[in-house]
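Descriptive analysis of the structure
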Amino acid sequence: MKNIFKLSERLKLCVDMVTPQSKVADIGTDHAYIPIWLALNGIIRSALACDIRNGPLENASKNIEKYGLSDVISTRLSDGLLNIGENEADEIIIAGMGGNIISNILSSCHWPNKKDKIFILQPMKYEERLREFLAEHGYKIEKEKATICSGKVYTAMKVIYLGVPQKIENYEKYIGKLSENFSYPAARAYIRKQIKNLQNHLKGAKSENLDSLQNYYHEIIEKLQNYLI
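Note that this is a predicted model, so its numbers are computed, not measured.

Notes on the packing of aromatic side chains
Under the criterion given, the structure shown has six aromatic pairs. Summarising the aromatic geometry, the rings of Phe119 and Tyr139 are spaced 5.7 Å apart at their centres and angled 85 degrees between planes, so their arrangement reads as edge-to-face. Of this pair, Phe119 sits in strand β5 (residues 118-123) while Tyr139 is found in strand β6 (residues 139-149), placing the two residues 20 residues apart along the sequence. Residue Phe119 is classed as buried on the basis of its relative accessible area of 0%. In this structure Tyr139 comes out as buried when scored by relative accessible area, which is 3%. When the centroid spacing of 5.0 Å and the interplanar angle of 65 degrees are considered together, the rings of Phe182 and Tyr227 count as edge-to-face. Of this pair, Phe182 sits in the loop between α6 (172-175) and α7 (185-207) while Tyr227 is found in the segment after α8 (211-226), placing the two residues 45 residues apart along the sequence.

Below, the structure written as structure tokens:
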């Protein structure tokens, strides 16, 4: 039953970061495509398909039964990680949400042994807020990759918890670890997207005569443009 269905390139970013034979929890699972793909391809030992609403969980359950994976994947009604036991998952996947929501989910997680976990995060927007949150709250981005899906560029991060704040430069909030593989077309597309967003912010700062903010955006834009030379 391998490769019965194909994941989008955005979700493929996430599954490519999963450690073989791990136990995963997919937060905001929707149709449970990620855990189903991982189980069909023999990558995981078990999975929790979790969502805050019953409707998506019903869809997830139907798909899990359809592919005969009820012995590998369980569904769970949970607000983020609040209803998931610390020992039920090695790796946590949070995909398809805003960076602010992902930050809130991580903030509410009070497991004492988060250092043993891997967090695979795929923000749809506000990535810079998420990267800043991660650094300030003791998380480290070990790996980050970008992809282009349906004409839009996305990024995903493999994150660990160290428990002590991490230093992050202002420009790193906008491109994270993509600075390490900026030669790839998707990474360059992501950097161009961030430059465009920053240029829009710069225009706003100029219209309001905010000199310090103008300098801030100028500095970051120049740094990011250097990666495209």
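Next comes the rest of the write-up.
Focus on the nonpolar core
Judged by nonpolar contacts, the single largest core of 31 residues is most densely connected at Leu38 and Ile73. Elements that contribute at least two residues to this core include exactly α1 (9-15), α2 (33-40), β2 (44-51), α3 (54-66), β4 (91-97), β5 and β7 (152-161). Here this core takes six residues from α2, the largest share from any one element. In contact with Leu38, other than residues within four places in its own chain, are Val15, Val18, Val24, Ile43, Ile44 and Ile93. Grouped together as the second largest cluster of nonpolar side chains are 25 residues, Leu48, Ile84, Leu130 and Tyr139 included.

So, how was this worked out
- Residues numbered from 1 in each chain as written.
- Predicted model: local features only at pLDDT ≥ 70, side-chain atom pairs only at ≥ 80, totals over all residues.
- Heavy atoms only, no water.
- Phe/Tyr/Trp six-rings, centres within 6.5 Å; stacked < 30°, edge-to-face > 60°.
- Helix = DSSP H or I, 4+ residues; strand = E, 2+ residues; numbered from the N terminus.
- Buried < 20%, exposed > 50% of the residue type's maximum accessible area, 1.4 Å probe, protein only.
- Core = buried A, V, L, I, M, F, W, Y, C linked by side-chain atoms within 4.5 Å.
- Contact = heavy atoms within 4.5 Å.

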